[in-house]
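Chain by chain, the residues run as shown.
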Amino acid sequence: MTSVINRRDLLRGTGAAAASGAVGIALSGCGSFTRLVTQPAIPERLDVQLAGSTDPVLRVLNRTAFGPRPGDVSRVRQQGIDAYLEEQLKPGRGIRHGPDWLPVTLPDAPAVDFRLRLLDTLRMSEGDLLDIPKKQVQDELQQASVIRAVYSRWQLREVMVEFWNDHFNISQTKGDSPFYKTAYDADAIRAHSLGRFRDLLGATARSPAMLYYLDNARSDKRVPNENYARELMELHTLGVDGGYSQDDVVQVAGCFTGWSIKDRLWRGRFEYRPQLHKEGDKRVLGKIVKGRTGEQGVREGEDVLDLLALHPSTAGYLSWKLCRRFVADEPPPALVARVAAEYTRSGGHITPTLRKLFASQEFRSGKGAKMKRPFDLVIASLRALNANTDGKGPLRHLGRMGQLPFQWAMPNGYPDVASAWSSSLLARWNFALALATGGIPGTSVDLRAIASATGVRDAVDGPGSDVSARRVVDAFSSVILGRRLEAGHARHLAGVVLAAKPGDRLPQVVAGILAAPEHQWR
Amino acid sequence: MLNRRDLLRGRMPAAAKGRPQLLFRPQTGPAGDVFVCVFLRGGMDGLNVVVPYGDPDYYRQRPTLGIAEPGRRGSNPEARAIDLDGFFGLHPNVKPLQAAYQAGDLAIVQAIGTPDKTRSHFEAMETMERGVDDGSTASTGWLGRHLGAIQSSNRSPMRAIALGDVLPQSLQGAIGATAVNSLDDFRLVEPAGWNGRFHATVTALYGDDDTSVGHAGVETLGLLKTMSSLNTRTYAPANGAKYPGGDFGSGLKQIAQLIKAEVGLEVACLDLGGWDSHVGQFALMGYLMPQLGEGLAAFHADLGEGMKRVTLVAMSEFGRRAYENTSLGTDHGRATCMFVLGGGINGGRVIRKWPGLAADLLEEGDLRVTMDYRDVLGEIVRNRMKNPRPETVFPQHNFTFAGVTRTGQVPT
């Protein structure tokens, strides 16, 4: 009697598939294929990089990506930084829209695609998501963000998706937000993360998620709700010093009355309601926004977005935030100015703006310290050790470190300065311990394979000596950090390797490097 | 003068022996009181915990459930209310609160509530914890806003904690707030067979790193050392204080321990749930009230003089109906009572604008709300927690302070 085996059971080795032994049969036949798609291989030989100062290739991989996977540094060095960045600035073919609301994600690295297929809620519309238990919707999106950051070949896009998700923050902690957030992440953020800022802005403004989170869905002509209008200018475009007044907030709120969410039929999608719209001309930032009636009233909001997207204050504010993300907590004002000029010159296009930033001397010179936020640290660690992860186990640690994806309650997104994250160290150390000792459920690292590739397997297994211990430390600092540790730190860890039982050597040295101050910086 | 290396080697100056401290950030800690927020979840029946025995309508509304007035002849003396001020009395199950009340450290506020009229646990809790008129508008909590608003140099990892699995909504928006099930969770989870090797490694690696990360690391190590010396099992409360058994008692005890350890704790949140007394109120309340009474009393006694820098508020999302139901219980109501405990509190009083319990004085069968919870919390935020702008914490509210703090009867 054959039972119906569905794909999910087969992949997980659960249910009917496991019961019928189908898993063993399926995998033995194409076992290497399955391993190929789930787990990118590490190169057979990994060079041990012992540069002391920061390598520009390393900086690019630490800043424009979530850190190198084994072999990435050599590969990018060979390809050349400029060629690599050009490739990353134009990822695959990005997200394409299917019928109206269903985004169709084109295949990324198989490792991503394979894991994301197991998460049904990612492909559902807002209306359908409203019927799924909230926790499942929340969890799957969080899981997906870890999976994509670890495995995607389009690392810059993932970095920008994180940036825009903070910039246009919508937290999952408010009421029905989780149901809208999943579609928002795909349709608004991912679809436009490297495109025209005006398109991104428009997509967020129309998204049911934003309309709900900042209350515009409930705004009407009697009492226009000012929440969205204010955050639109303060956080999304001009910045708090961008030169808008309280009166502008009131006028903009009026422009957006009527922008709402369907509650029947295609429940959960954008709907413009002319009957809620406050009519008449509005005056915003010294310009007249012509009042329109009926269905045309929606154009008033669009006019405001046009006005804001290319406003000089927006150019300055966005550039400042981008420079803070990529260069330093206190970005050099001259660089901000040049990047802002490029934003304006390109008509508000994100890709040329980034290109200008990445070509700058300030970016390439290696100056400017950026601390890894918890998400940066977790992802970089998983990538560096070629971890096999389902994206779930690491979430617990992210929670303890204070950066669980999409859980920042305020519209301004997770802070991007080192001082905000100093209280997360204990949780980072415990994460390092858990990862190195196989203590994260659903996540595993093969430290011996890395030891083989770096040519120190004999040093790990054999009798210890100062030299062999040092080789192990150097190999793993190269893999995890891309460079050597401070001399004193390397000496200390060599002592740890020497003193440890052979079975403990690798976990102890890896835990130590993952926890080291050097690894907390990007 | 102690330097960092001495600290890492565990050498303490003689004066500080017996009480490890963080020595190179002397300003770590709140500018005002440590605030402890106890949330009594389920809708606590304020009418039976702080009994308005002086109001004859109370006995008309609760012929069976009513608690006898202090002097009632023929009734079991153990079951009578304990007089507070000639009108209100404590339910005998919370008798331990009498000491703090008489010492002037405990104020009770009656007929207090929120604007929420849904009588839904979820809605009312959200409204109260968000600190707004309408729970759906804000995504941050009032404590989160307070911690974010005040200029503070307090970077302690233990600045804001919640005992439990998750952060309560009141702390949403607070950077660095942590939920811990127990203080014992605050440790390095190193395999036993490693013999502390990992701890030694982070100590060595962070000890000579002169960046902000290095400093934060040393501070965290100091905190770990302090926390590991706080053995929650062998902690001996001062002044003979005896905490009740159970999670609430143990939670309060840990908070007291943490306050005394001076690790920079500014806000602590703790729940005591289960107050939803629709059925068989005597049994349910009989189990919960001793925990509340003994817990708060023990906390007060344990901290002793330390209460001068601590304010604790116990609140509930709503109260119960004025009249008992047919299942010997009470259903969801509106106004309830609030407990405010602290050295800086104008205690020994039951603060209220008593609306009365006659049928025509009730609001849809409920005790009318005559004081908004934000009036009490706002005054505490300003006068005890030293936040000069309580309107940023409770944005939609016009304050009418009730004089619950000792720094005077302040005009709004």
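Higher on the page you've got the structure.
Just so we're clear, the structure is a prediction, and the values are computed from it rather than from any experiment.

A few words now on the overall build of chain A. Across its full length, chain A holds 28 helices and eight strands. Sequence separation of at least 24 residues holds for 70% of the intrachain contacts in chain A that already meet a minimum separation of 6. Taken as a whole, chain A presents about 20,300 Å² of accessible surface, with 54% of it coming from carbon and sulfur.

Our next topic: the nonpolar core. Among the nonpolar cores identified, the biggest contains 218 residues, and Phe326(A), Trp429(A), Phe299(B) and Phe339(B) are the most heavily contacted of them. It is helix 23 (residues 425–436) of chain A that contributes the most residues to this core, ten residues altogether. Apart from residues lying up to four places away in sequence, Phe339(B) is in contact with Met44(B), Val49(B), Val50(B), Leu97(B), Leu106(B), Ala107(B), Ile108(B), Leu292(B), Leu296(B), Leu312(B), Val313(B) and Ala314(B). Membership of the second largest hydrophobic core comes to 36 residues, among which are Leu143(B), Ala177(B), Val267(B) and Val393(B).

What follows is about the sheet that holds strand 3 (residues 82–83) of chain B. Residue and element names in this part refer to chain B. Reading across from one edge, 2-4-3 is the order of the three strands in this open sheet, with antiparallel pairing throughout. The strands lining the two open edges of the sheet, one partner per strand, are strand 2 (50–51) and strand 3. Alignment of strand 2 against strand 4 (residues 89–90), held across two bridges, turns out to be antiparallel. Across the sheet, Val-50 pairs through a bridge with Leu-90, a residue of strand 4.

In this section: unusual backbone geometry. Although it is not a glycine, Leu285(A) adopts a positive phi angle of roughly 50°. Secondary-structure assignment places Leu285(A) in the loop between strand 5 (282–284) and strand 6 (287–289).

Let's shift gears to the packing of helix 9 (residues 247–261) of chain B against helix 10 (residues 281–303) of chain B. Residues and elements named next belong to chain B. Packing of helix 9 against helix 10 brings their axes to within 9 Å, and their N-to-C directions diverge by 15°. Looking at the two axes, helix 9 sits roughly parallel to helix 10. With respect to the hand of their crossing, helix 9 and helix 10 are arranged in right-handed fashion. Residues Phe-248, Leu-252, Ile-255, Ala-256, Ile-259 and Lys-260 of helix 9 form the contact with helix 10, whose participating residues are Gln-291, Leu-292, Gly-295, Leu-296, Phe-299, Asp-302 and Leu-303.

A few words on the packing of aromatic side chains. Summed over the entire model, instances satisfying the criterion amount to 25 aromatic pairs over all chains. Here Phe256(A) and Trp259(A) contribute two aromatic rings whose centre-to-centre distance is 4.8 Å and whose plane-to-plane angle is 75°, an arrangement assigned as edge-to-face. For the pair formed by Phe256(A) and Trp259(A), the shared burial category is buried. When the centroid spacing of 5.1 Å and the interplanar angle of 85° are considered together, the rings of Phe326(A) and Phe358(A) count as edge-to-face. Residue Phe326(A) is found in helix 17 (residues 312–326), and its partner Phe358(A) is found in helix 19 (residues 350–359); the two are separated by 32 residues along the sequence. Cluster of aromatic residues (ring-pair linked, three or more members): Phe35(B), Trp142(B), Tyr373(B), Phe394(B), Phe399(B) and Phe401(B). In this structure, Arg59(A) packs its charged tip against the face of Phe363(A), placed 5.6 Å from the ring centre. Arg41(B) extends its terminal NZ or CZ atom over the ring of Phe39(B), reaching a point 4.3 Å from the ring centre.

Cut-offs applied
Residues numbered from 1 in each chain as written. Chains lettered and ligands numbered in written order. Predicted model: local features only at pLDDT ≥ 70, side-chain atom pairs only at ≥ 80, totals over all residues. Heavy atoms only, no water. Helix = DSSP H or I, 4+ residues; strand = E, 2+ residues; numbered from the N terminus. Contact = heavy atoms within 4.5 Å. Areas by Shrake-Rupley, 256 points an atom, 1.4 Å probe, with all protein chains shown as cover. Core = buried A, V, L, I, M, F, W, Y, C linked by side-chain atoms within 4.5 Å. Buried < 20%, exposed > 50% of the residue type's maximum accessible area, 1.4 Å probe, protein only. Pairing = 2+ DSSP bridges. Axes fitted to C-alpha atoms, helices over the stretch in contact; angles between N-to-C directions. Parallel < 35°, antiparallel > 145°, perpendicular 65-115°, else oblique. Left-handed = near helix turned anticlockwise from the far one by under 90°. Phe/Tyr/Trp six-rings, centres within 6.5 Å; stacked < 30°, edge-to-face > 60°. Lys NZ or Arg CZ within 6 Å of the ring centre and 35° of its normal.

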